[in-house]
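Structure assessment
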Amino acid sequence: MNKIILSAFLLLLTFNCIAQKDAGIKALLSKNGELSLPVQVKTLNKELKVKPVVTSDDTYGDEYTWNTPEGLSFSGLVSADKTSSVIFLKAAKGKVLGGLPYGLTLNGSTLKDCESKFKTNILEKQKLNPVDNPGETSSFILKVKKGIYYIHLAFDAQLKLEQITLATVNLDAAG
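Read on for a plain summary of the structure. Predicted, not measured: the structure shown is a model, and the values here were computed from it. (Residues numbered from 1 in each chain as written. Predicted model: local features only at pLDDT ≥ 70, side-chain atom pairs only at ≥ 80, totals over all residues. Heavy atoms only, no water.)

Attention now goes to the side chain of Lys-143. By the element assignment, Lys-143 lies in strand β9 (residues 140–146). Within the structure, Lys-143 has its side chain in polar contact with the side chain of Asp-172 (distance 2.8 Å). Those residues within four positions of Lys-143 in sequence are excluded, and the remaining contacts are Asn-121, Ile-122, Leu-123, Glu-124, Gln-126, Ile-151, His-152 and Asp-172. (Helix = DSSP H or I, 4+ residues; strand = E, 2+ residues; numbered from the N terminus. Polar contact = N/O pair within 3.5 Å; in protein donor to acceptor, adjacent residues only side chain to side chain. Contact = heavy atoms within 4.5 Å.)

This part covers the pairing of strand β3 (residues 53–57). With five bridges connecting them, β3 and strand β4 (residues 61–67) associate as antiparallel partners. Pairing of Ser-56 across the sheet is with Asp-62, part of β4. Counting the residues between successive antiparallel strands, the hairpin from β3 to β4 contains three residues. (Pairing = 2+ DSSP bridges.)

Structurally, Asn-170 can be placed in the loop between β11 (161–167) and α4 (171–174). Asn-170 sits in the partly exposed class, given a relative accessible area of 27%. Measuring from C-alpha to C-alpha, the distance between Asn-170 and Ile-151 comes to 8.8 Å, with 19 residues separating the pair along the chain. Within the local environment of Asn-170, its side chain forms a polar contact with the backbone nitrogen of Asp-172, the two atoms lying 3.0 Å apart. (Buried < 20%, exposed > 50% of the residue type's maximum accessible area, 1.4 Å probe, protein only.)

Written as structure tokens, this is what we have:
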């Protein structure tokens, strides 16, 4: 009897640990599941309901980062008009977050899932060499163009989606 109770408890604990949570940004998404860019900082402040941390960079300008209670790090490069056309989405370590643009799940969607989802929109699949990219945790980057948006999907060594970058410009051509 104790083994059954212990097994049930461990199974319940496992489901809670890997359960997907909603990232809390649905109000920012269109009915098609897209995040419309550029987006105003005041809109992000209102919808994310947390105060951003602002860091300045001489090259890229201000970066605003909202760390939500759900475990989402939502960052944007902000221009002088207080809008962002480049957004970075990343989940806190160990968090599986859904409710994201294009139905993606951070730490849940796989490289194969994303290749299937974006098969007609893939620009490039890039395997990162750790020797050439010291400190980089991603093993693959999937580059996609969907409509007017450039989407970079970064995958960890287990081929799980670890970061989503959305932009209205081709970031590879910008630098």
